Amino acid sequence: NVNDEIIFVDENGVVIDVNERVEDIFGYKKEEVIGKNFAEVEFASPDVMMDMIQGFAETFNGDAKTRLVTYEARHRDGTPIFIEVSGNPIQLENGSMRSLAVLRDITERRRTEESLRDSEEGLNRAQQIAHVGSWEWNIVDGSYILSEEMRRIYGIDESMESAGFLDIIDALVHPDDREQMFLAAQEATVSGIGPTAVYRVIQPSGEIRWMEAVSPK
């Protein structure tokens, strides 16, 4: 990938060559890195550098294999960045070993993941306060996603994780309300939008709860 940085290191940890991406990712020019021991270039905090150096060392051992690791590194100006590193052992004709490391900047991906995680946690807190759950049902393959509050309201435990969405309706919805819920599910498969429905759920403890299901338009 042209967006990846490539570092070629010998058995002593000396950087033999790098591509131009070292400046884009870390802020160092090629000539500032080539010829130096990898440990001398401040790509990360001391603790993380030790982990990265250990990774190179493992690449050079007799059982060396390609390894993919994520590190929190830092730009030359101190800005934290996240990189994904793949270390590939290379044995030369004379028997000496080299390490070809491919570094990918995944900072934006990590930020997006953290933002989504924060949003999900915020949604879970809001739903818990309001006692409102949500779910998504893929009517094509039958898969579904339930929010944490939805699981709590329905009383769904790990033993039901593999159950299909319609199986959950059959197991937890009150017998007198199942037909209307199955009809609502059938309508959703046709129009993509389910009708508003009021029904009862019987939790595994035997407690009966009244529910109102509203499908977003």
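Enquirer: Go over the pairing of strand β8 (residues 197-202), please, and point to the residues and values.
Expert: Pairing analysis gives 6 bridges linking β8 to strand β9 (residues 208-213), with the strands arranged antiparallel. Following the sheet pairing, Tyr199 is matched in β9 by Met211. Joining the antiparallel neighbours β8 and β9 is a turn of 5 residues, in which Gly206 adopts a positive phi near 100°.

Enquirer: Would you mind going over the side chain of Arg200 in detail, with residue names and values included?
Expert: Within the secondary structure layout, Arg200 lies in strand β8. When near neighbours in sequence (up to four residues on either side) are disregarded, Arg200 contacts Leu172, Val173, His174, Asp176, Asp177, Ile208, Arg209 and Trp210.

Enquirer: Got a sec to walk through the side chain of Asp10? Specific residues and values, please.
Expert: Among the structural elements, Asp10 can be located in strand β1 (residues 5-10). Arg98 is the oppositely charged side chain nearest to the buried, salt-bridge-free Asp10, at an N-O distance of 5.6 Å. Of note is the side chain of Asp10, whose polar atom sits 2.9 Å from the backbone nitrogen of Val14.

Enquirer: Any chance you could break down the nonpolar core for me, citing the residues and the numbers?
Expert: By size, the foremost hydrophobic cluster in this structure holds 24 residues, and its most contacted members are Ile7, Phe26, Val33, Phe38, Phe43, Met52 and Ile83. Secondary structure elements with two or more residues in this core: β1, β2 (15-18), α1 (21-26), α3 (46-60), β3 (67-74), β4 (80-91) and β5 (97-105). The element that contributes the greatest number of residues to this core is α3, accounting for 4 residues. Beyond its immediate sequence surroundings of up to four residues, Ile7 is in contact with Val15, Asp17, Val18, Phe38, Phe43, Ser99, Leu100, Ala101 and Leu103. In terms of nonpolar packing, the next biggest core, distinct from the first, is built from 18 residues, Ile153, Phe165, Ile168 and Val173 among them.

Enquirer: I'd like to hear about the environment of Asp177, residue by residue, with values.
Expert: Within the fold, Asp177 resides in the loop between α6 (165-172) and α7 (178-191). Measuring from C-alpha to C-alpha, the distance between Asp177 and Ala197 comes to 9.7 Å, with 20 residues separating the pair along the chain. Not counting residues within four places of it along the chain, the set of residues in contact with Asp177 comprises Tyr199 and Arg200.

Enquirer: Explain the pairing of β1 to me, using residue names and the numbers behind them.
Expert: Two strands pair when backbone bridges link them, and β1 and β5 are joined in this way by 6 bridges, in the antiparallel orientation. The partner of Asp10 across the bridge, within β5, is Arg98. Of the strand pairs in this sheet, β1 and β2 are connected by 3 bridges, and their pairing is antiparallel. Counted as the bridge partner of Ile7 is Val18 from β2. What sits between β1 and β2 in their antiparallel hairpin is a turn of 4 residues, with Gly13 showing a positive phi close to 85°.

Enquirer: For the environment of Arg109, give the residues involved together with the corresponding values.
Expert: By the secondary structure assignment, Arg109 is in helix α4 (residues 107-130). You can call Arg109 partly exposed: its relative accessible area is 41%. As for Arg109 and Phe82, which are separated by 27 residues in sequence, their C-alpha atoms are 8.9 Å apart. Only 3.0 Å separates the side chain of Arg109 from the side chain of Glu84, close enough to count as a polar contact.

Enquirer: A description of the pattern of salt bridges should follow, citing residues and the corresponding values.
Expert: Per the counting criterion, the structure on display carries 10 salt bridges. For Arg74, the salt bridge identified is with Glu42, shortest N-O distance 3.8 Å. With Arg74 in strand β3 and Glu42 in the loop between α2 (30-33) and α3, the pair connects residues that are 32 residues apart, well separated along the chain. A salt bridge links Glu84 to Arg109, with the shortest nitrogen-to-oxygen separation between them at 3.0 Å.

Enquirer: Describe the packing of aromatic side chains, naming the residues involved and giving the relevant values.
Expert: Going through the model one piece at a time under the given rule, you end up with 3 aromatic pairs. A centroid spacing of 5.9 Å and a plane angle of 90° characterise the contact between Tyr28 and Phe43, whose relative ring orientation is edge-to-face. Of this pair, Tyr28 sits in the loop between α1 and α2 while Phe43 sits in the loop between α2 and α3; the two residues are 15 residues apart in sequence, bridging distant segments of the chain. The class for Tyr28 is buried, based on a relative accessible area of 11%. With a centroid separation of 5.4 Å and an interplanar angle of 45°, the aromatic rings of Phe38 and Phe43 are classed as tilted. Phe43 shares its class with Phe38; the two are buried. What links up through ring pairs into an aromatic cluster is the set Phe26, Tyr28, Phe38 and Phe43. Its guanidinium or amino end placed over the ring of Phe82, Arg110 lies 4.1 Å from that ring's centre, counting from NZ or CZ.

Analysis parameters
Residues numbered from 1 in each chain as written. Predicted model: local features only at pLDDT ≥ 70, side-chain atom pairs only at ≥ 80, totals over all residues. Heavy atoms only, no water. Pairing = 2+ DSSP bridges. Helix = DSSP H or I, 4+ residues; strand = E, 2+ residues; numbered from the N terminus. Contact = heavy atoms within 4.5 Å. Buried < 20%, exposed > 50% of the residue type's maximum accessible area, 1.4 Å probe, protein only. Lys, Arg positive; Asp, Glu negative; His and termini not counted. Salt bridge = Lys/Arg side-chain N within 4 Å of Asp/Glu carboxyl O. Polar contact = N/O pair within 3.5 Å; in protein donor to acceptor, adjacent residues only side chain to side chain. Core = buried A, V, L, I, M, F, W, Y, C linked by side-chain atoms within 4.5 Å. Phe/Tyr/Trp six-rings, centres within 6.5 Å; stacked < 30°, edge-to-face > 60°. Lys NZ or Arg CZ within 6 Å of the ring centre and 35° of its normal.

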